[in-house]
Amino acid sequence: MNLSKQIPSASSSEETIAAIATPPGPGGIGVIRISGPLSLHIFQKLFLPRHKTKPQDYENRRMNYGWIVNPESGSPVDEVLAVVMRAPNTYTREDVVEIQCHGSYLVLQEILSIITASGARLAQPGEFTKRAFLNGRLDLTQAEAVVDLIEAKTDEGRSMAVGQLQGRLHEKISSIQDKLVAMRAIIEVAIDFPEDETDILDHAALTHQLKEEVKNPLIELIARADEGKIYREGISAVILGRPNVGKSSLLNTLLEEDRALVTPVPGTTRDTIEEFVNIKGMPVRIVDTAGIRHTTETVEEMGIQRARAKLADAELVLFMLDATEPMTEEDQALYNSVMENSKKQKVLLVLNKIDIAPGTSPEQYSTALGDEPLVSVSAKEHTGILELKDKVFSLITGSRKGLGWDPGAAVVPNVRHKDALKKGLEACLRVEKGLETDVSPDLLAIDLQSTLGHLGDIVGETTTEDVLDMIFETFCIGK
Ligand code: GDP
């Protein structure tokens, strides 16, 4: 892929780093990664190839079969496949070696400790990707996409991450930067030739250009970031209702597996249980609660306190009612307390157990509870669940059918990008105002430069070290 802008490149680190790249726990194979100037040297020390090969003869990016041997004791550690990748055409742009051994934690640890004893140090979280960024292989948005890809919870989130990894956001930002640079060039000429300023600066044309090529694209990206957040981070929902209405059963049905404790005794879901449910590509973190009600029982009290805290965080409340019984005072009191506490939450009434009370009129509940949208379900028989998911999706995304864009094709900034875009937009609006009020070209140049700087933060051209640290700390070790 073509990265049109040059990311500031740091010289390759002198240190060689190593880490286990596969998750902990037994597996078919485990992978260890080494990156840095000593990679090949270390590999040569501990690898005994099946056919004698000199290190310089290891073919680039070709599997080698052999054994890892402890160079101190001479004892064999594991039978492995290993690949040598020479700089600069590697993930980090440094010399890289990847060793595939059997997926045993002890074997992986043993090989890693031999590698570190031979001159490498343990890698920090995200350090391989940080080096890829510092050495100019990825821009910052692509580095962030690596984490998004690893952590994606739905296919939609995954395809958004892939788009960003391909450089889609980077290209969009670059094209806005190019437009700003062209405008800055004109303004600089006007600064250099003040006597010709009126001829050089066509205010109407510049204003038009700024609006079409910078301001509008920035506004569009900011709006997309809010929508993207729904797919990337998901939303948080809480299931509330008096004991025994079927909250745990609904959570289980949504999860399609028995994770929460289901029991006919009221009040036995003592704590809150959180799980992700995929609702039309939107990861919904659902919290099942012990119900918000007054109780003297301590364990349950703790659960209730947590439920209150979760309610404060949630964007959606699934308020459950039991179709086999008319509305009780407890339902009403609980609902009132939800409404008192809920400021921004959307509420969906869920009338459960319609399998044993199919004739129940839902209106009596919704009217009593203030005309909130209502869906009838049977958590036990799995009926009405698709409709529930549809209603949740449209409540969150607005009345539209979907978000109206394809997550696999869109350019979707994250929260950090959005913050920088907003600052960039503010500076851009100052330029617009400046053009309107005829301020001096020097002032226009300052605000244009500030817009450029904020966009530079997104791709990592001007990002400060502490922001970089914050971003890479969220990575796992070995990535
Ligand atoms: P919670 O206290 O609100 O979490 O309620 P539970 O999920 O533990 O359910 C309480 C009881 O109601 C259990 O015996 C469930 O099997 C039963 N139940 C839950 N949902 C349904 C349903 O849709 N239909 C029927 N018939 N029973 C249900």
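Per chain, residue numbering runs from 1 following the sequence as it is written. Only residues with pLDDT of at least 70 get local features here, since the model is predicted, and only at 80 or more are side-chain atom pairs given and counted; chain-wide, interface and lining totals rely on the full set of residues. The side-chain figures draw on all heavy atoms in the structure; neither hydrogens nor water molecules are used.

K.L.:
Any chance you could explain the packing of aromatic side chains here in plain terms?
P.N.:
Ring pairs (aromatic) are described by centroid distance and by the angle formed between their planes. Pairing of aromatic side chains here covers Phe, Tyr and the six-membered ring of Trp, requires ring centres within 6.5 Å, and sorts the geometry by plane angle: under 30 degrees stacked, over 60 edge-to-face, intermediate tilted. Tallying each qualifying case throughout the model produces six aromatic pairs. On the basis of an interplanar angle of 20° and a centroid distance of 4.6 Å, the ring pair of phenylalanine 43 and phenylalanine 47 is categorised as stacked. The same class applies to phenylalanine 43 and to phenylalanine 47, which are both buried. Ring-pair connections join several aromatic residues into one group, and the members of that group are Phe43, Phe47 and Tyr58. Here the guanidinium or amino end of lysine 153 rests over the ring plane of phenylalanine 276, the centre of that ring lying 5.0 Å away. The ring of tyrosine 91 has lysine 479 lying over it, and the distance from NZ or CZ to the ring centre is 4.6 Å. Any residue under 20% of the maximum accessible area for its type is buried, any over 50% is exposed, and the rest in between are partly exposed; the area is computed with a 1.4 Å probe on protein chains only. Geometrically, a charge over a ring is one whose NZ (Lys) or CZ (Arg) sits within 6 Å of the ring centre while staying within 35 degrees of the ring normal.

K.L.:
In this structure, what is going on with helix α9 (residues 247–255)? I would like to understand it.
P.N.:
At 3.6 residues per turn, the α-helix brings residues three or four places apart onto the same side. Counting buried residues along α9, eight of its nine residues qualify, which places the element largely inside the surrounding structure. The secondary structure listing takes helices from DSSP runs of H or I that are at least 4 residues long and strands from runs of E that are at least 2 residues long, numbered from the N terminus. Along α9, the positions that sit buried rather than exposed are Lys247, Ser248, Leu250, Leu251, Asn252, Thr253, Leu254 and Leu255. Just past α9, the residue glutamate 256 takes up positive phi, approximately 55°.

K.L.:
What is the right way to look at the pattern of salt bridges in this model?
P.N.:
Where charged atoms from two side chains of opposite charge approach closely, those side chains can pair. When a carboxyl oxygen of Asp or Glu lies within 4 Å of a side-chain nitrogen of Lys or Arg, that pair is called a salt bridge. Enumeration over the complete set of coordinates arrives at 20 salt bridges. Here aspartate 331 ties to arginine 242 by a salt bridge, and the two come within 2.8 Å at their closest N and O atoms. Of this pair, aspartate 331 sits in helix α11 (residues 329–341) while arginine 242 sits in the loop between β8 (235–240) and α9; the two residues are 89 residues apart in sequence, bridging distant segments of the chain. Assessed through its relative accessible area of 8%, arginine 242 is described here as buried. Taken together, the salt bridges that share partners define one network made up of Glu15, Glu94, Arg121, Glu127 and Arg131.

K.L.:
So what exactly am I meant to see when it comes to the pairing of strand β1 (residues 17–20) here?
P.N.:
Residues Ile17 and Ala19 of β1 are buried on one face, and the alternating residues Ala18 and Ile20, pointing to the opposite face, are buried as well. Strands pair, by our definition, only if DSSP identifies at least two bridges between them. Sheet topology note: the β1/strand β2 (residues 27–35) ladder contains four bridges and is antiparallel. In the sheet register, isoleucine 17 faces β2, and the bridge partner there is serine 35. Here β1 folds back onto β2 in antiparallel fashion, the turn holding six residues, of which glycine 25 has a positive phi close to 105°.

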